[in-house]
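Take a look at the letters that make up each chain.
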Amino acid sequence: MNALRTPTCTPPLLKKSDVEELSVQISPSTSIKTLTRILIVDDSDIDRDTYIRYLQSDTDYTYEIIEAENLEDGLEMWRSQSPEMVLLDVKLPDGDGLEFLEAFSEGSNEQRLPVIVLTGQGDEQTAVRAMKLGAADYLEKKDVTAVSLCISVGQVRDRIALNQQLTRSQQQQQELLQNLQKYTNQLQKREAELERLSERLTLSLKSGEIGCWEWDLVENTIQWDVRMRELYVVTESSDLDLYNVWTSALHPEDRVAAESSLQQAILEKEKYESEFRIIHPDQSIHFIRSYGTVLRDSEGLAQRIIGINFNVSDRKEVEEQLLQTNEQLIKATRLKDEFLANMSHELRTPLTAVLGMSEILQKEMLGSINERQQKALIAIRKGGRHLLELINDILDLSKISSGKVELDLESVSVQNVCDSSLVYVKQQAFQNHVEVYSNIAPNISNILVDERRLRQILINLLVNAVKFTPKNGKVSLLVSVGCGETWEGEATVPNQLKDQDLPMILFQVTDTGIGIASRDLHRLFQPFVQLDSGLNRQYEGTGLGLVMVKQIAELHDGQVMVTSVIGQGSTFTVALPYQMSEFATRSPELITPFSLTTAKSKHAIAPLILLVEDNEANIQTFTSYLSAYEYQVVLAKNGEEGVAMAKTHQPDIILMDIQMPVMDGLQATRLIRAEPKLATVPIIALTARAMQGDQELCIKAGANQYLSKPVELEQLVGVIGQFLEM
C-alpha cells in the first residue's frame, strides 16, 4: 500500500516547552513555511501514523507524506515521486531495508544520503551498517519522540540546503572560469591582430619606394626622378614648374606650414624635415614624409637642397588602427577588471552566508550540536574556504598578469614561514597516510621577502605534493642556502643553479607520488591547464596553483625548476636571491576578540549598530551573530536608507556594504560624513569586490576600516569592540 498525504493541521501532541525547544534547536528564523516531501517506508500502519503525527507537530514546516509498506513499493515511490528524504524501517516484509540504501547509494554522489533509518531495540549492528551505506541518521523506534524525529528531520533538511548552496557556488565558480578563459582567448586574438598590424607597418617602411628631388637655388631649377613624379601623379615634361606642381598638390590645410618649413630650412638650417598631405587628381589624399639637406657655400649661403619624399599613408593608416586597437585593449582590460570585480562580489556574497552561518552553528549560538554535526560543519567551512582560495587565486593571477601586484617586502623568519605552511597540509597528509618531513639548514638568517606570497608558494607546492602522493608515501620540505659549489642543507641543488654562482636560498618540495611525464613538464606553468583528463576526475583543482608559484617567484627575481619520474615522484625547487636581513621579523597584527563585559562597563545601554546591507542571507548572518553579543542592530537595505537611518538613530557604529541598489556604500559614506553629528561615528566598510584599489576608495570616502567579504565574524566583532573602546 502507498499513499500521498499533505498534513494541514497541527494536533496538540507537544507540550509548550517541547515546542519552544524545537524552535530553538531546529527552526530557522523565517515566517514562510517550507514544504518538505518525505517518503515513509514501514510495514506498520501504527508506526507510520505516529511519525506523521509527530511531523505535523512541527509548526514551522509543512510536510507532504508518501507512504509505502514494503521494499518494492518504497523503491518505486522513490523513483517516481522524488521525495527529499526517507524514513526507512530496516525490517520489511519483502527484504532488508538496507537493500533500499544500497540501491539508492548506487546513483548518488553524496557522502550522506537523505535517509533516516528506524531500527528496533538492540539492533546496533544494523544501524552501523546503515551509516556505512550513507544514511544521514538512525533512530531506535522505542526512543522516537516528536522532538527527536523533528530534530533529525530538520538536521537532514539543513544539510541538504547547505549542500545545495555550496553546489550553486561551485557552479558559479565554473562559470567564472569559463568566462575568464573565453576572455583570455579574445585577448590573445586581439594581441595576434596587433602583431599582424605591426608586421604590416614594418613591411611598409622597408619596401616603400623613395622619390628623390633636387632644387638648385641659384639657377632656380628643380629636378624630380621617376618615383617623385609617380608620387605626385605628374607626367614627364620639361616645361613644368615643379615648385608650383608641389604647392598645388599640397592639402590646403597643410600648404602654409609645408612652405614655411622649407623656406626656414633654406634660411637658417642645415637639415629639412616635414610631413604633409597631398591631393591627387582623383581627390585621394596621401601622407608624404620629406627629408632634405641644404648645401651652402663658404659664406654660408644656400646653394641647393637635395631631398627625398616617400608615401607614409600606409603607416598613418596602421598608426590609426594601432590607436584604435590600443583603445580597445584598454577598454577590454577595464571590462576584465570590472568583470572580475563583479564575479568576486557574486561569489563572495553567498560565501559570506555559508561561512558565517556555519561559524554561528559551530559556536552553538543557535543551539547545541553533536560531534557528527560539528564534523559536518567543519567540512562545509573547509569547502567554502577552498572555494574562497580559488577565487583569490584567480584574482591574484589577474593582478600579477596585469602588473598590479606590489610585494610587501619585510624581514621574515624562514623557520616560521615553513612551520606555518606545513601546519596547513598536515591534516590532509594524516588523512592520506602520507609522511611529512622537513629539514631547514642551520643558521639561516631572516630573509627579505613578501611573507604572505612566500607562504602561498610553499602551501601550493605542499598541497600538490600531498594530493598526488599515494598512501604510505612521503613528502619533504627542504631548505638550503649557498652559492656555486658550496651549499648547506639537504636539498638537491640543480647544476644550473650551481653554474649561476649567486647566493641563493632554495625551497625544495619532494614527493614519492605518481610523477609527471617529461613531455608534460613544459605545460605545468600554463594557466588553467591540468595534465590529464583522468587526473581531473580524480583530483580537484583549477590549474592555477603552479602558475601562481612561478609568477610570485619571478616577482622576487627568483625561478622555479622541476624534475620528475613517472611512478617515483617529483621535485619542485624555488630559488630566490638570498637577501639576508638583520631586522627582527615583524609580529603579526592580531585583533583581540571583543569582550562583552568590557562593552557593558563602558555602555550602560547595549551599543547600537546600523547594518547597511542588501543581501538577505548576509543580513541574517550578521544580525544573528551580533545579537548573540547583545548588540542592538537596526537595518537599512540600501545606501539611501542607510543615510536616513543614521540621521534618525545616531548609531554607535555603522557596518556599510559597498555594492548596493539605489545608492552605493561609497556615496552613502560621503553623505554621512557630511553630517556634523555623524562625522566621528566609526564606519566599517564591508565589500565582496576585494579588487585592487577598493580599500583606498573606501578610506577616501570616509570609512574608518575596510574588511573584505567573507569576513570572519569573530574578527568583525573584534574590530567593532576596538572602535567602541576608543
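Residues numbered from 1 in each chain as written. Predicted model: local features only at pLDDT ≥ 70, side-chain atom pairs only at ≥ 80, totals over all residues. Heavy atoms only, no water.

1. So, the overall build of the protein chain
Here is step 1 of the chain: Within the protein chain, the regular secondary structure consists of 22 helices and 27 strands.
Here is step 2 of the chain: The burial tally for the protein chain puts 46% of its 726 residues in the buried class.
Here is step 3 of the chain: The contacts in the protein chain between residues at least 6 apart in sequence include a share of 68% that link residues at least 24 apart.
Here is step 4 of the chain: Looking at the protein chain as shown, the accessible area adds up to about 37400 Å², and 50% of this sits on carbon and sulfur atoms. (Helix = DSSP H or I, 4+ residues; strand = E, 2+ residues; numbered from the N terminus. Buried < 20%, exposed > 50% of the residue type's maximum accessible area, 1.4 Å probe, protein only. Contact = heavy atoms within 4.5 Å. Areas by Shrake-Rupley, 256 points an atom, 1.4 Å probe, with all protein chains shown as cover.)

2. Structural notes on the side chain of T621
Here is step 1 of the chain: One can find T621 in helix α18 (residues 616-628).
Here is step 2 of the chain: In this structure the side chain of T621 is engaged in a polar contact, spanning 2.9 Å, whose partner is the backbone oxygen of A617.
Here is step 3 of the chain: Beyond its immediate sequence surroundings of up to four residues, T621 is in contact with T352, A353, G356, M357, I360 and L713. (Polar contact = N/O pair within 3.5 Å; in protein donor to acceptor, adjacent residues only side chain to side chain.)

3. What to know about the sheet that holds strand β26 (residues 683-687)
Here is step 1 of the chain: Taking strand neighbours across the sheet as the criterion, the five strands line up as β24-β23-β25-β26-β27 in an open arrangement whose pairing is parallel. Two strands close off the open sheet at either side, each with one partner strand: β24 (632-636) and β27 (705-708). Going from strand to strand, the sheet's axes swing by 20° on average, the running direction of each strand aside.
Here is step 2 of the chain: Pairing between β26 and β27: four bridges, direction parallel. What sits directly across from T687, in β27, is S708. (Pairing = 2+ DSSP bridges. Axes fitted to C-alpha atoms, helices over the stretch in contact; angles between N-to-C directions.)

4. Re the sheet that holds strand β11 (residues 271-279)
Here is step 1 of the chain: Reading across the sheet, the five strands line up as β10-β9-β13-β12-β11 and stay open at both edges, with antiparallel pairing between neighbours. Looking at the sheet topology across the chains shown, the edges are occupied by β10 (221-224) and β11. Here the strands of the sheet are splayed against their neighbours by 20° on average, with no regard to which way each runs.
Here is step 2 of the chain: In terms of strand pairing, β11 meets strand β12 (residues 285-296) through nine bridges, oriented antiparallel. Within β12, the residue paired with Y272 across the bridge is G292.
Here is step 3 of the chain: Contacting β9 (211-216), β10 and β11, helix α8 (residues 242-249) runs over the sheet at an angle of about 65° to β10.

5. Topic: the confidence of the model for the protein chain
Here is step 1 of the chain: Scored by pLDDT, the protein chain has a mean of 80; 83% of the residues are at 70 or more.
Here is step 2 of the chain: Every residue in residues 582-603 is under pLDDT 50, and counting partners more than four places away or in other chains gives 34 contacts. (pLDDT = per-residue confidence, 0-100.)

6. Points about the packing of aromatic side chains
Here is step 1 of the chain: This structure, assessed with the given rule, holds eight aromatic pairs.
Here is step 2 of the chain: Considering the side-chain rings of W78 and F100, the 6.3 Å spacing of their centres and the 75° angle between planes classify their relative orientation as edge-to-face. With a gap of 22 residues between them, W78 in helix α3 (residues 71-81) and F100 in helix α4 (residues 97-105) connect regions that are remote in the sequence.
Here is step 3 of the chain: Classification of W78 by relative accessible area gives buried; the value is 17%.
Here is step 4 of the chain: Residue class for F100 comes out buried when judged on its relative accessible area of 0%.
Here is step 5 of the chain: With centroids separated by 6.4 Å and ring planes inclined at 75°, the aromatic side chains of W213 and Y272 adopt a geometry described as edge-to-face. Separated by 59 residues along the polypeptide, W213 in strand β9 and Y272 in strand β11 bring together distant segments of the chain. (Phe/Tyr/Trp six-rings, centres within 6.5 Å; stacked < 30°, edge-to-face > 60°.)

7. Details of unusual backbone geometry
Here is step 1 of the chain: Residues K709 and P710 are joined by a peptide bond in cis, for which omega reads -5°.
Here is step 2 of the chain: Here P710 shows up in the loop between β27 and α22 (713-724).
Here is step 3 of the chain: One non-glycine residue with positive phi stands out, namely N443, at about 65°.
Here is step 4 of the chain: Looking at the element boundaries, N443 is found in the loop between β15 (435-440) and β16 (446-450).
Here is step 5 of the chain: N443 gets classed as exposed once you look at its relative accessible area, which sits at 77%.

8. Quick notes on the packing of helix α19 (residues 639-649) against helix α20 (residues 665-673)
Here is step 1 of the chain: Two numbers describe how α19 lies on α20: the axes approach to 8 Å, and their chain directions differ by 20°. When the axes of α19 and α20 are compared, the pair comes out roughly parallel. Crossing of α19 over α20 shows right-handed handedness. For the pair α19 and α20, the contacting residues are G639, G642, V643 and A646 in the first and A668, L671 and I672 in the second.
Here is step 2 of the chain: Partitioned by chemical class, the residues of the contact of α19 with α20 number five nonpolar, two polar and no charged. (Parallel < 35°, antiparallel > 145°, perpendicular 65-115°, else oblique. Left-handed = near helix turned anticlockwise from the far one by under 90°. Nonpolar A, V, L, I, M, F, W, Y, C, P; charged D, E, K, R; others polar.)

9. Considerations on α3
Here is step 1 of the chain: If you check which residues of α3 are buried, you get L71, G74, L75, M77 and W78. Buried residues in α3, looked at end-on, bunch into an arc of 165°, giving them a common side. Away from its buried face by more than 90 degrees, α3 exposes E72 and R79.
Here is step 2 of the chain: Two or three places before E72, at the opening of α3, N70 has a side-chain oxygen 3.3 Å from that residue's backbone nitrogen.
Here is step 3 of the chain: Looking one or two residues beyond α3, the residue adopting positive phi is S82, at roughly 50°. (Arc of directions from axis to C-beta.)

10. Points about the pairing of β12
Each regular strand displays side chains that alternate between the two surfaces of the sheet.
Here is step 1 of the chain: Hairpin geometry of β11 and β12 is characterised by an intervening segment of five residues between the two adjacent antiparallel strands and by a positive phi of about 70° at Q283.
Here is step 2 of the chain: Judged from the nine bridges that link them, β12 and strand β13 (residues 302-311) form a sheet pairing that is antiparallel. Opposite G292, over in β13, you have G307 as the bridge partner.
Here is step 3 of the chain: Linking β12 to β13, which pair antiparallel, is a turn of five residues; within it G300 sits at a positive phi near 90°.

11. Overview of the nonpolar core
Here is step 1 of the chain: Formed by 40 residues in total, the largest nonpolar core has its most connected members in I505, F507 and V574.
Here is step 2 of the chain: Ranked by the residues each element gives to this core, the list is headed by helix α13 (residues 451-467), at seven residues.
Here is step 3 of the chain: In terms of nonpolar packing, the next biggest core, distinct from the first, is built from 24 residues, V234, V245, W246 and L262 among them. (Core = buried A, V, L, I, M, F, W, Y, C linked by side-chain atoms within 4.5 Å.)

12. Regarding α8
Here is step 1 of the chain: Where burial is concerned, most of α8 is hidden: six out of the eight residues are buried.
Here is step 2 of the chain: Taken together, the buried positions of α8 are occupied by L242, Y243, V245, W246, T247 and A249.
Here is step 3 of the chain: The inward-facing, buried residues of α8 contact β9, β10, α7 (226-232), α9 (255-268) and β11.

13. A short note on the environment of G665
Here is step 1 of the chain: The residue G665 is located in helix α20 in this model.
Here is step 2 of the chain: Take G665: its relative accessible area is 0%, and that puts it in the buried class.
Here is step 3 of the chain: Once the C-alpha coordinates of G665 and L655 are considered, the two residues, 10 residues apart in sequence, prove to be 9.8 Å apart.
Here is step 4 of the chain: Those residues in contact with G665 that lie beyond four places of it in its chain are M656, D657, I658 and M660.

14. Here's the deal with the environment of N460
Here is step 1 of the chain: Looking at the element boundaries, N460 is found in helix α13.
Here is step 2 of the chain: In the structure, N460 is positioned 86 residues away from L546 in sequence and 7.1 Å away in space, judged by C-alpha atoms.
Here is step 3 of the chain: Sequence-distant contacts of N460, defined by excluding residues within four places in its chain, comprise G545, M548 and V549.

15. Some points on a negative patch on the surface
Here is step 1 of the chain: Residues E72, E76, D94, E99, E102 and E106 make up a contiguous surface patch of negative charge.
Here is step 2 of the chain: Residue assignment for the negative patch shows that the elements contributing at least two residues are α3 and α4.
Here is step 3 of the chain: Among the secondary structure elements, E72 is positioned in helix α3. (Patch = residues over 30% accessible without salt bridge, like charges linked within 9 Å, V, L, I, M, F, W, Y side chains within 5 Å. Salt bridge = Lys/Arg side-chain N within 4 Å of Asp/Glu carboxyl O. Lys, Arg positive; Asp, Glu negative; His and termini not counted. Charge placed at Lys NZ, Arg CZ, Asp CG, Glu CD.)

16. A closer look at the environment of K336
Here is step 1 of the chain: Structurally, the position occupied by K336 is in helix α10 (residues 313-362).
Here is step 2 of the chain: Spatially, the C-alpha atom of K336 lies 9.9 Å from that of L187, the residues being 149 residues apart in sequence.

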